[in-house]
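# Descriptive analysis of the structure
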Amino acid sequence: MNGLSVVIPTKDKPESLRATLACLLADGPPSAEIVLVNDGAAPMAVPADAPVRVVEGPRQGRAAARNTGARAAIGSRLLFVDDDILTGPGFLPAHAAHGTGPGFVHGPLMEFPAARRWLAAHGPDPVAAAAVLNGGERLVRNNLEAAVLAVAAGTVPARLGWLACVGANLSLSRAAFDQAGGFDEGFGTRWGCEDLELGVRLLAAGHRPTVDRAAPGVHLTHARPDRWEQHEATHQRFASLHDTTDVRALPLLLTGSPAAYFAAAEPS
């Protein structure tokens, strides 16, 4: 097996998925294969000339969908991208350049508060997406991303490196993925924590994070009314698997501030 495989789990988000695929395919057929895992109820409509392979998902949550895509992929490096991420022309080469070395790679992410309006106006337009990435729209950095950058800068302990295992923009060698055992499907269909939990296991196995600023992405922010109710349940599972101060304190980061989290994450 050689090369990069892009795994995109998707569930009933055709508008944002079209934008994500348009960005990845903007420079013509990519050198990487793209595996689209359809975890929704409706059949997946992909342009006939798009070099995208569609596999049916198990409909058991994002962890299971990502694992399904990884099993179907043929590349020696796996890149996980969500179905609502805008990327630029250097995105795939940046991830591919990390080859089959150890560690895991995170591309910086920004939130796009006006994404719904932008999608309605521009849809799958990679030129418009490039303008967003280049600062043409107001973007914001969330607390998790701020914490990831603090770890990368060395201003907080390296033991928090698992925070960089963000499934929306994450690559690692297949060997590292298999060594860690993939995503924990026990998180089920609820939102949150399944990617960070993989990060804890990767870090424990000796894999360190790299933040690659050549592979940025923009998240097409969308409403999730029951987000925090779901996250409370997934965080409970996360903390039951890894009962440490830094994992237990995670809600302080996501709903509070990085400073509050870093203070609470100190070992007791």
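Up top you'll find the structure we're talking about.
Before going into details, it helps to say that this report is about the structure given with it. (Residues numbered from 1 in each chain as written. Predicted model: local features only at pLDDT ≥ 70, side-chain atom pairs only at ≥ 80, totals over all residues. Heavy atoms only, no water.)

## Describing the overall build of the protein chain
Helix and strand content of the protein chain: 12 helices and 10 strands. Taken over C-alpha atoms, the radius of gyration comes to 17 Å for the protein chain, in line with the 18 Å a tight globule of 268 residues would show. Each of the three principal axes of the protein chain carries a C-alpha extent, and together these read 55 × 40 × 35 Å. Relative to its 268 residues, the protein chain shows a buried fraction of 51%. In the protein chain, of all internal contacts separated by at least 6 residues, the share reaching a separation of at least 24 is 74%. As presented, the protein chain carries roughly 11500 Å² of accessible surface, and 55% of it is formed by carbon and sulfur atoms. (Helix = DSSP H or I, 4+ residues; strand = E, 2+ residues; numbered from the N terminus. Rg over C-alpha atoms; globule rule 2.2 N^0.38 Å. Buried < 20%, exposed > 50% of the residue type's maximum accessible area, 1.4 Å probe, protein only. Contact = heavy atoms within 4.5 Å. Areas by Shrake-Rupley, 256 points an atom, 1.4 Å probe, with all protein chains shown as cover.)

## Some points on unusual backbone geometry
Unusually for a residue other than glycine, D12 sits at a positive phi of about 55 degrees. Note on placement: D12 falls in the loop between β1 (4-10) and α1 (14-24). Here the phi dihedral of R59 falls at roughly 55 degrees; this positive angle occurs in a residue that is not glycine. Along the chain, R59 turns up in the loop between β3 (52-56) and α2 (62-72).

## Concerning α1
Each full turn of the α-helix corresponds to 3.6 residues, which orients residues three or four apart in the same direction. For α1, the tally of buried residues reaches 8 of 11 residues, placing the bulk of the element in the interior. Regarding α1, the residues found buried are S16, L17, A19, T20, L21, A22, C23 and L24.

## Considerations on α2
Of all 11 residues in α2, 8 are buried; the element is thus mostly enclosed. When we look at burial in α2, the residues that qualify are A63, A64, A65, R66, N67, T68, G69 and A70. Those residues of α2 that are buried lie in contact with β1, β2 (33-38), β3, β4 (77-81), α7 (174-180) and α8 (194-204).

Any link to function would need more than the numbers given here.
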